Amino acid sequence: MNVSTITEEIRQRALSLGFDLVGFAPVLTPAHALFFRKWLEQGFQGEMSYLARSADARCDLQQVLPGAKSAVVVGLNYAPAVSPVTDDPTRGVFARYALGDDYHEVMQQKLEQLVAFIRQQYPDCRAKIYVDAGPVLERDLAWRAGIGWFGKNTMLINTRLGSYFFLGEILLDIELDYDHPTFGGCGKCNRCIEACPTGAIVAPYVLDARRCISYLTIELRSAIPEELRPPMGNRIFGCDICQEVCPFNQPRPHAPLRSAPTREPRFAPREVTLAPRLVDLLRLGEQDFREQFRRSPVKRAKWRGFRRNVAVALGNSRDQNAVPVLQEQLEHEEDPMVREHLQWALERCRQAG
Ligand code: SF4
Ligand code: SF4
């Protein structure tokens, strides 16, 4: 079998495993390596020091898999059938990607099946799977593999599907038949920049993660800067606003798949992630939190970070009915960081009276 036939078979196998997008790229120096290093120099990564630590490997995939020649890049749609967004300020909003089971496990399982298939053709080939965690500039690889193009919100956009999809990669030490990098662009649109409530998109294609609600609610371990709390509204884990406003996520007659519901049942929303009452979330004990978010991406925030986020949202709700719950929680809370956020929320809810 020649290389293009094998590549096509891998593509078909990936699609039959449920991936929505599949592409192939040669392993080269990432086109965005300099941009990434400059971004790091400006400190936009905040507390995500692992990004700087792994910068060399991210910019040189030979350090990750010596002899790497090809990357198989896949995309898996996670758009939910129902929107998690609610205008009710007493209820919380989770980012779409976090409504169901953890994508790392789902993607890893499917990619392992794909590697097994590749090894039927190339029994001795070396392969390395990456889902988000590894030192790979994955959006750069995905762009090169024809999966999508960079939007001004820094997300990778597929003209047919939109931007609600996970990326995963398999690095291989074999040659394959490569796709072309993706053409596409935002044109004069600036909707995401205008809609971002915290001003985190500081220029087209440049995200200051330190201001981004996704970073503040998931990655940040310490206190959320006070000036950034009010614009967070009721977003308690991640944020999709710059994707929600993007025209490429609005279905059109010529692109009905944009934001079409995922086919992966494990990404279905849990009851606790669909517009839950903030006061109920604040009352979750550590054990309850673990149970509700077992095998969920939400556990990354950890219980204390999650309580901090919920406290901020409650403060923004200005809900007087939350006052007794906040008081009760303050009585038992020992963590100074969480206490400070509860106190902040309590004052705002009381002021509203
Ligand atoms: S995720 Fe939210 S906070 Fe972050 S850039 Fe997008 S709109 Fe702004
Ligand atoms: S909202 Fe507009 S500017 Fe932002 S990523 Fe989408 S198309 Fe590009």
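Within any chain, residue numbers begin from 1 and follow the written order of that chain's sequence. Each chain takes a letter, starting from A, and each ligand takes a number, starting from 1, following the order in which they are written. Reporting in this predicted model follows two pLDDT cut-offs: at least 70 for local features of residues, and 80 or more for side-chain atom pairs to be given and counted; totals over whole chains, interfaces and linings ignore these cut-offs and use all residues. As a rule here, side-chain values cover all heavy atoms of the structure and leave hydrogens and water aside.

(A) Seen up close, the overall build of the protein. Helix and strand assignments follow DSSP, with helices taken as H or I runs no shorter than four residues and strands as E runs no shorter than two, numbered in order from the N terminus. Within the protein, the secondary structure is distributed over 14 helices and 10 strands. With the radius of gyration taken over C-alpha atoms, the globule rule is written as 2.2 Å times the number of residues to the power 0.38. In terms of C-alpha radius of gyration, the protein reaches 21 Å, essentially the compact-globule figure of 20 Å for 353 residues. Counting every position in the protein, which comprises 353 residues, the buried fraction comes to 54%. Two residues qualify as a contact provided that any one of their heavy atoms is within 4.5 Å of a heavy atom in the partner residue. Counting only contacts in the protein whose residues sit at least 6 apart along the sequence, the fraction spanning at least 24 positions is 76%. Note on exposure labels: buried denotes an accessible area under 20% of the residue type's maximum, exposed denotes more than 50%, and partly exposed covers the range between, all computed with a 1.4 Å probe on protein chains only.

(B) Region of interest: the domain arrangement of the protein. Reported domain spans reflect what an automatic or database domain assignment gives. Here the protein is described as being made up of domain 1 (3–79 + 98–172) and domain 2 (191–351). Computed from C-alpha coordinates alone, the two centres of domain 1 and domain 2 are separated by 27 Å. On the domain 2 side, the residues contacting the 42 residues of domain 1 number 46 residues. Here the quantity called buried area is the total loss of accessible area, with a 1.4 Å probe, experienced by two parts when brought into contact, counted for both. Here domain 1 packs against domain 2, burying approximately 3,700 Å² in sum over the two surfaces, 55% of which is carbon and sulfur. In terms of surface lost to domain 2, no three residues of domain 1 exceed Leu99, Lys152 and Tyr164, which account for 17% of the buried area on that side. Salt-bridge detection follows one rule: a side-chain nitrogen of Lys or Arg within 4 Å of a carboxyl oxygen of Asp or Glu. In this assembly, domain 1 and domain 2 are joined by five salt bridges. Residues Asp20 and Arg263 are paired through a salt bridge, measuring 2.9 Å at the closest nitrogen-oxygen approach. Contributing elements (two or more residues each) for the side of domain 1 that touches domain 2: α2 (33–41), β2 (70–77), α5 (103–121) and β5 (149–150).

(C) Main features of the site of ligand 2. Any residue with a heavy atom lying within 4 Å of a molecule or strand is counted as near it. Residues in close proximity to ligand 2 include Gly151, Lys152, Asn153, Ile157, Cys186, Cys189, Arg191, Cys192, Cys246, Pro247 and Phe248, which together make up its full environment. Judged by its atoms lying within 2 Å of the grid points, ligand 2 is housed in the largest cavity. Side-chain classes follow a simple rule in which Ala, Val, Leu, Ile, Met, Phe, Trp, Tyr, Cys and Pro form the nonpolar group, Asp, Glu, Lys and Arg form the charged group, and the remainder, Gly included, forms the polar group. The residue inventory of the shell around ligand 2, partitioned by class, reads seven nonpolar, two polar and two charged. The definitions used throughout rest on a 1 Å grid laid over the protein atoms alone, on which a cavity is an enclosed set of points accommodating a 1.4 Å probe that cannot get out and a pocket is an open set flanked by protein within 12 Å on both sides along at least five of seven lines; lining residues are those having an atom within 4 Å of a point. A cavity or pocket is said to hold a molecule if more than half of that molecule's atoms lie within 2 Å of its grid points.

(D) Highlighting the pattern of salt bridges. Under the criterion given, the structure shown has 20 salt bridges. Residue Arg290 is joined to Glu286 by a salt bridge in which the shortest nitrogen-to-oxygen separation is 3.5 Å. Highlighted residues: Arg290 and Glu286, both in helix α11 (residues 286–292), separated by four residues, approximately one helical turn. Residue classification places Arg290 among the partly exposed residues on the basis of a relative accessible area of 47%. The exposure class of Glu286 is partly exposed, given its relative accessible area of 38%.

(E) Inspection of the packing of aromatic side chains at higher detail. Two rings from Phe, Tyr or Trp (for Trp, the six-membered ring) form a pair when their centres sit within 6.5 Å of each other. Planes less than 30 degrees apart are called stacked, planes more than 60 degrees apart edge-to-face, and all others tilted. With the rule as written, the count across this model stands at 13 aromatic pairs. The cationic tip of Arg229 hangs over the ring face of Trp344; the distance from NZ or CZ to the ring centre is 5.3 Å. We call a charge positioned over a ring when the NZ of a Lys or the CZ of an Arg lies within 6 Å of the ring centre and within 35 degrees of the ring normal.

(F) Seen up close, the side chain of Asn309. Residue placement: Asn309 occurs in helix α12 (residues 302–317). Since its relative accessible area comes to 0%, Asn309 is described here as buried. Among all residues touching Asn309, those that are not within four sequence positions of it are Leu216, Thr217, Ile224 and Ile236.

(G) Broad picture of empty space enclosed by the protein. Grid points are joined across faces, edges and corners, and a volume is the space filled by probe spheres set on the points. If you walk through the whole model with that rule in mind, you get two cavities of 30 Å³ or more. Of the pockets and cavities examined, the largest cavity occupies roughly 80 Å³. Looking at side-chain class alone, the lining of the largest cavity contains nine nonpolar, one polar and two charged residues. Considered as a void within the structure, the second largest cavity measures approximately 40 Å³ in volume. Looking at the second largest cavity, the residues that line it are Pro26, Val27, Leu28, Pro30, Arg58, Leu61, Leu137, Asp140, Leu141 and Arg144.

(H) Representation of the pairing of strand β1 (residues 21–26). Across the six residues that make up β1, a large majority, five, are buried. In this scheme, strands are said to pair when DSSP sees at least two bridges between them. As paired strands, β1 and β2 are joined by six bridges and run antiparallel to one another. Its bridge partner being in β2, Ala25 is matched across the sheet by Ala71.

(I) A look at the packing of α12 against helix α14 (residues 336–351). Here α12 crosses α14 at 10 degrees, and the two axes come no closer than 7 Å. As far as their axial angle goes, α14 and α12 are roughly parallel. Here α12 and α14 pass one another in a crossing that is left-handed. From α12, Arg304, Arg307, Arg308, Ala311, Val312, Leu314, Gly315, Asn316 and Ser317 reach across to α14, where they touch Met337, Val338, His341, Leu342, Trp344, Ala345, Arg348 and Cys349. Counted by class, the contact of α12 with α14 contains nine nonpolar, four polar and four charged residues. Fitted lines through C-alpha atoms give the axes, limited to the stretch in contact for helices. The angle between two N-to-C directions lies from 0 to 180 degrees. Roughly parallel here means an angle under 35 degrees, roughly antiparallel means over 145, roughly perpendicular means 65 to 115, and every remaining angle is called oblique. Less than a right angle of anticlockwise turn of the near helix away from the far helix marks a crossing as left-handed, whereas a clockwise turn marks it as right-handed.

(J) The arrangement of the site of ligand 1 in detail. Every residue lining ligand 1 is accounted for by Cys196, Pro197, Thr198, Ala200, Ile201, Leu207, Cys212, Ile213, Ser214, Cys239, Ile241 and Cys242. Taken together, the elements giving at least two residues each to the shell around ligand 1 come down to α8 (213–219) and α9 (241–244). Partitioned by chemical class, the residues of the shell around ligand 1 number 10 nonpolar, two polar and no charged.

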